[in-house]
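# Summary of the model geometry
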Amino acid sequence: MTQNKSHQGHSFRLRGELEGRAVEFVLAAGANAVGSAADAEVSLPVREVSRRHAVLSVDDNGVSVEDLDSKNGTFVNGVRVRRAALKDGDWLQLGPVILTLEAVAADELELGIPLGSARTSSETIAPLKDTTTDLGVARHAPVPWSEALAAFGRHVLRPAEPDIPGALAALATALDTQPVAFLSCRDGEEVLVRHVIGDSGGLAATLTPERVRAALTARGSGNDIASGFLDGDRPLALAGRSVAGDWPAVLVVGGRAATQDLRPVLETALRMLDHAHPGDDIADTIAGSRQPATLTFPVGHVVCPSPAMQAVYRQLELLLTGKMPVLVTGETGVGKEHVVRILHASSDRAEAALEIVNCAAIPSELLEAELFGIEEGIATGVKAREGCFRRANGGIVFLDEIGDMPPALQAKLLRTLQDGEVQPVGARRPARIDVRVVTATNTELEERMRSGSFRRDLYYRIAGCRVHVPALRERTADIPPLVAHFLERSAAETGRQVRGVSVAALAALSQGDWPGNVRELENEVRRLVQLCPDGRAIESDMVSPSLASTVAAPASQPPSSDDLHLQRRLEALEGVLVRQALDRSGGNLSEAARLLGVSRNGLVMKMQRLGIER
């Protein structure tokens, strides 16, 4: 829909109610027909409104209305008119319908993030809009499915190992759609994304293990290939290979190409891959086609595009094998658990369990049994428990908030890390385990070591490798995809018919300081979805007023250009360079020190002197 932006940078819209439901009409530049006819720009299908009732004209001078000899007349602010100029706030009555004219900033009408069914058919074939550069990306018309299969086959029907990412990319291009993904869905596990073209976060609201199995099991049996279709705001067509009741290889296509008719095409694509490598397990073929340093993102995880998070991903790629303990640091709510889940899903321990224990959420008298297990009969009514270390044998144990672990248990954990054994409460002999330990904290363990509340020898054990997750305010490029993900999920949970988020609202969200980080952003989006009227987009005036007061301020006021004091100017420049290095390295002090050409200890001292927090 064309928007008028010539009148003092504003567009115009009409809002009101039609037969008990909220309606909104954005007025295009030029003439806008008003009437009960279906092809009218302002269509009001009620008996008291004439087919061609009136016309609204939008030009550089504003908006005017002209009645077209309608039976029941046109009223402006309660007065019947033949022709009248309108201003912001005037109300227009046509039959029983009352609409209010609003002048609104153009970026409130333009959707920064459209949501699912809010996209009309005309929007899905329009050029894709990049709101950061204001450039359009042309889309191609879909090709016949035979050509899509041929493009897929060129990457899998070859003597060498199949190029699965290339095959998915070819299929996505040929069908002009996203996402296109290979997933695995095994009993007792969450759905894992093996390869994806597009945003895997867009699958989260639709795909669960139960829905995948229900869609495929109803149409297949035994070790065979079956297909299914999941309808909804974001429909998905899928085909999978069944192996002993599991679905280790599922090909999924979403977007504009996802229809019932696509199912046989996806089945053929899977059979093509199966027949090209008949001696191999198809799931191993798909998993084995990855480059060794490729991460697997669980469904529902947003792949963040910011340089800071890309640096975190690159660091994770180096940690996918072995038993080296990992310490994940970062402020509360930044997504430390998500990072651990990516590490587990991508590592050589992905087929074994991931056990998660929050050390701060379990009373100290119960934490020992939860970690190490307890024998039956140790006290009246006590039943035997394995403990998370034995449950995760062969996998990963994630100890969140490790800084809150009681000192007595710290000594027992240290013994477990040193000896590879756990001593259940009441047991006579220890049990051998093969577990990788990952810990996380949002506090400074160095300070706790100085105060004596955390053992220094345990710290050296768990901090074999540190991964720092930067705060959301340090990676604002991640906010739009996170908002899109939370918007889709919240709308699906609540059933609210939200059109999306306006450009202005997205800008307001991107300017927040977010002391609660990703968790706070998620709660804000959930609130916005809950409060946004059905059929409307989230606009900037709905965003929490507190965000305006939390916009990040510079850490220090730079000296004015008139200030020639050498020491002050040098310190200001030094602070700018240190912050740039920290941002570029994703908060990794060693890497930032390398960029600055100083030692790590020298960088820490500079940060303390300049009042810069990591």
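Per chain, the residues get numbers from 1 upward, laid out in the order the sequence is written. A pLDDT threshold of at least 70 governs which residues receive local features in this predicted model, and a stricter bar of 80 or more applies before side-chain atom pairs are shown or counted, although totals over entire chains, interfaces and linings include all residues. Neither water nor hydrogens contribute to the side-chain values; these are computed over all heavy atoms in the structure.

### Topic: the overall build of the chain
For clarity, the threshold we go by: The secondary structure listing takes helices from DSSP runs of H or I that are at least 4 residues long and strands from runs of E that are at least 2 residues long, numbered from the N terminus. Only protein chains enter the accessibility calculation, which uses a 1.4 Å probe; a residue whose area is less than 20% of its type maximum is buried, one above 50% is exposed, and one in between is partly exposed. Should any heavy atoms of two residues lie within 4.5 Å, those residues are counted as being in contact. Computed with a 1.4 Å probe, the accessible areas rest on the Shrake-Rupley method; for each residue, only the protein chains presented here act as cover.
A count of helical and extended segments in the chain gives 20 helices and 29 strands. Taken across its 614 residues, the chain has 47% of its residues classed as buried. Here the analysis covers contacts within the chain between residues at least 6 apart in sequence; of these, 61% occur between residues at least 24 apart. Summed over all atoms, the accessible surface of the chain reaches about 29300 Å², with 50% contributed by carbon and sulfur.

### A look at helix α5 (residues 209-217)
Going by this rule: This arc is taken over the directions from the axis of the helix to the C-beta atoms.
By the burial criterion, the buried members of α5 are P209, V212, R213, A215 and L216. Projected onto a plane normal to the axis of α5, the buried residues spread over an arc of 165° and lie on a single side. Packed against the buried residues of α5 are β15 (180-185), β17 (225-230), β18 (236-243) and β19 (246-254).

### Topic: the sheet that holds strand β20 (residues 297-298)
What counts, and what does not: The rule for pairing is simple: two strands pair if DSSP sees at least two bridges between them.
Taken in spatial order, the 6 strands line up as β17-β18-β19-β15-β16-β20 in an open sheet, and their pairing is antiparallel. Two strands bound the open sheet, and with one partner strand each, they are β17 and β20.

### Describing the sheet that holds strand β5 (residues 54-59)
As summarised here, the arrangement of the 5 strands in space is β4-β3-β5-β6-β9, forming an open sheet in which the pairing is mixed. Here the strands that pair on one side only, and so sit at the sheet edges, are β4 (42-43) and β9 (83-86). In the sheet, strand β3 (residues 30-35) pairs with β5 via 5 bridges, with the strands oriented antiparallel. Considered in β5, the bridge of G30 is made with V58.

### Side note on empty space enclosed by the protein
Put simply, the rule is: Cavities and pockets were defined on a 1 Å grid built over protein atoms only: a cavity is a set of grid points that admits a 1.4 Å probe from which the probe cannot escape, a pocket is an open set flanked by protein on both sides within 12 Å along at least five of seven lines, and lining residues are those with an atom within 4 Å of any such point. Grid points are joined across faces, edges and corners, and a volume is the space filled by probe spheres set on the points. Under the scheme applied here, ten amino acids are nonpolar (Ala, Val, Leu, Ile, Met, Phe, Trp, Tyr, Cys and Pro), four are charged (Asp, Glu, Lys and Arg), and all others, including Gly, are polar.
Counting across every chain of the model gives 1 cavity of 30 Å³ or more. In this structure, the largest cavity is lined by R13, R15, E24, E108, L109, R499, A537 and E539. Only β1 (10-18) and α1 (106-109) provide two or more residues apiece to the lining of the largest cavity. The class makeup of the residues in the lining of the largest cavity is 2 nonpolar, no polar and 6 charged.

### What to know about the nonpolar core
As a reminder of what qualifies: Nine residue types can take part in a nonpolar core, namely buried Ala, Val, Leu, Ile, Met, Phe, Trp, Tyr and Cys, and a core is a set of them joined through side-chain atoms within 4.5 Å.
Counting 28 residues, the largest nonpolar core has L371, F389, L399, I402 and L413 as its most contacted members. If one sorts the elements of this core by residue count, helix α12 (residues 407-419) sits on top with 4 residues. L371 has contacts with V357, G387, C388, F389, L399 and M405, leaving out every residue within four places of it along the chain. Among the nonpolar cores identified, the runner-up in size contains 27 residues, and L251, V253, L262 and L273 belong to it.

### Remarks on the packing of aromatic side chains
Formally: Side-chain rings of Phe, Tyr and Trp (the six-membered ring for Trp) are treated as a pair once their centres are within 6.5 Å; stacked means planes under 30 degrees apart, edge-to-face means over 60, and tilted covers the remaining angles.
Enumeration over the complete set of coordinates arrives at 3 aromatic pairs. Seen in terms of ring centroids, F372 and F389 are 5.6 Å apart; in terms of plane orientation they differ by 0°. Their pairing is stacked. One end of the pair, F372, is in helix α10 (residues 364-372); the other, F389, is in helix α11 (residues 388-391), with 17 residues separating them in the sequence. For the residue pair F372 and F389, the accessibility class agrees, reading buried in each case.

### Topic: the pairing of strand β10 (residues 91-94)
Burial along β10 is one-sided: L92 and L94 are buried, and none of W91 and Q93, which face the opposite way, are. Note that β10 and strand β11 (residues 97-105) share 4 bridges and pair antiparallel. Note on β11: the bridge partner recorded for L94 is V97. Hairpin connection, β10 to β11: the antiparallel pair is bridged by 2 residues, and G95 has positive phi, about 60°.

### Structural notes on helix α19 (residues 589-596)
Among the residues of α19, those classed as buried are L589, A592 and A593. The arc that holds the buried residues of α19, viewed along the axis, is 100°, so those residues lie on one side. After α19 finishes, the residue G597 shows a positive phi value of roughly 75°.

### Some details on the pattern of salt bridges
Quick note on the threshold: Salt bridges are defined by distance alone: a side-chain nitrogen of Lys or Arg within 4 Å of a carboxyl oxygen of Asp or Glu.
Under the criterion given, the structure shown has 30 salt bridges. Notably, a salt bridge pairs E447 with R450, separated by 2.9 Å at the nearest N-O pair. Of this pair, E447 and R450 both sit in helix α13 (residues 445-451), 3 residues apart, roughly one helical turn. Residue classification places R450 among the exposed residues on the basis of a relative accessible area of 59%. Here R526 and E493 are joined by a salt bridge, their closest N and O atoms 2.9 Å apart. Here R526, found in helix α17 (residues 517-531), pairs with E493, found in helix α15 (residues 479-494); they are 33 residues apart in sequence, far enough to count as distant.

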